[in-house]
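# Structural overview
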Amino acid sequence: MRSGFEAQLRAVSLRVTRPRLAVLAALRDHPHVDTDTVIRLVRADHPTVSHQAVYDVLRALTDAGLVRRIQPAGATARYEARVADNHHHIVCRSCGVIADIDCAVGDAPCLTASVDHGFVIDEAEVVFWGVCPDCATERTAQRSASSEGST
């Protein structure tokens with residue numbers, strides 16, 4: 001996959017560097033992670049890469065369109081390498097885990113605004129909120145335990 005990352009970087013006129021390759025690999029393997037997690041993942045294989053280098057790489061890759069920065073309300077910014085489509089996200093209200101959801105209907109921008117106010121709309125950002133299966137199971141178990149203790 002390294003040659004794929006190299007081609008992606010060259011296609012947007014970015015130099016191929018070790019930190020850029022490492023960040024792309026980290027985001028491919030771990031979507032929706034925050035900056036601190038990206039730093040930890042990169043430094044696991046490349047301990048000499050600085051925190052600042054990772055911040056700079058994330059900014060360059062985001063500006064070039066190779067990485068998407070998302071920031072659900074009340075959460076820290078997260079990054080993902082899935083940028084070739086206009087997908088959406090679902091966020092767990094309990095633990096904060098994020099998952100991708102393919103377009104709701106049709107081609108990008110997936111939704112048609114009832115009024116565009118003269119804007120040329122090219123993207124719709126939709127965030128679904130709920131409780132993930134793990135947290136839902138935990139909540140059910142807690143409710144069962146508390147109801148058994150009160151009888």
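Bear in mind that the values here come from a model prediction, so they are computed numbers and not experimental data.

All right, on to the overall build of the protein chain then. The number of helices and strands found in the protein chain is 5 helices and 5 strands. Counting from the amino terminus, helix and strand elements in the protein chain follow one another as α-α-α-α-β-β-β-β-β-α. Relative to the compact-globule value of 15 Å for 151 residues, the protein chain shows a C-alpha radius of gyration of 19 Å, a clear excess of over 25%. Viewed in the frame of its principal axes, the protein chain has a C-alpha envelope of about 65 × 50 × 25 Å. Among the 151 residues that make up the protein chain, the fraction classed as buried is 33%. Restricting the contact set of the protein chain to residue pairs at least 6 apart, pairs at least 24 apart contribute 43%. Total accessible area computed for the protein chain in this model is approximately 9,500 Å², and 51% of it derives from carbon and sulfur atoms. With 16 positive and 19 negative side-chain charges, the protein chain shows a spacing of 8 Å between the two charge centroids.

Within this structure, the stated rule accounts for 1 cavity of 30 Å³ or more. As a volume, the largest cavity reaches approximately 50 Å³. As for the largest cavity, its lining consists of Arg-69, Ile-70, Gln-71, Pro-72, His-89, Glu-125 and Val-127. Across the lining of the largest cavity, the residue classes break down as 3 nonpolar, 2 polar and 2 charged.

Note on placement: Val-97 falls in the loop between β3 (88-92) and β4 (98-101). Classification of Val-97 by relative accessible area gives partly exposed; the value is 42%. Residues Val-97 and Val-120 lie 23 residues apart in sequence; the distance between their C-alpha atoms is 32 Å. Setting aside its immediate chain neighbours within four residues, Val-97 contacts Ile-90, Val-91, Cys-92 and Cys-132.

The rules behind each value
- Along each chain, residues carry numbers from 1 onward, in the same order as the chain's sequence is written.
- Local features in this predicted model are restricted to residues of pLDDT 70 or higher, and side-chain atom pairs are both shown and tallied only at a pLDDT of 80 or more, whereas totals for entire chains, interfaces and linings draw on every residue.
- To get the side-chain values, all heavy atoms of the structure are used, and hydrogens and water are removed first.
- A run of H or I in DSSP counts as a helix once it spans at least four residues, and a run of E counts as a strand once it spans at least two, with each numbered from the N terminus.
- C-alpha atoms define the radius of gyration in this analysis, and the globule rule sets the expected value at 2.2 Å times the number of residues to the power 0.38.
- Buried means the residue's accessible area, taken with a 1.4 Å probe over protein chains only, is under 20% of the maximum for its type, while exposed means over 50%, and partly exposed covers the values in between.
- Contacts are residue-level and defined by heavy atoms, with any inter-residue pair within 4.5 Å sufficient.
- What sets the accessible areas is the Shrake-Rupley method with a 1.4 Å probe; for residues, cover comes only from the shown protein chains.
- Only four residue types enter the tally: Lys and Arg on the positive side, Asp and Glu on the negative side, with His and both chain ends excluded.
- Think of each charge as sitting on NZ of Lys, CZ of Arg, CG of Asp or CD of Glu.
- Cavities and pockets were defined on a 1 Å grid built over protein atoms only: a cavity is a set of grid points that admits a 1.4 Å probe from which the probe cannot escape, a pocket is an open set flanked by protein on both sides within 12 Å along at least five of seven lines, and lining residues are those with an atom within 4 Å of any such point.
- Grid points are joined across faces, edges and corners, and a volume is the space filled by probe spheres set on the points.
- Gly counts as polar in this scheme, as do all residues outside two lists: the nonpolar Ala, Val, Leu, Ile, Met, Phe, Trp, Tyr, Cys and Pro, and the charged Asp, Glu, Lys and Arg.

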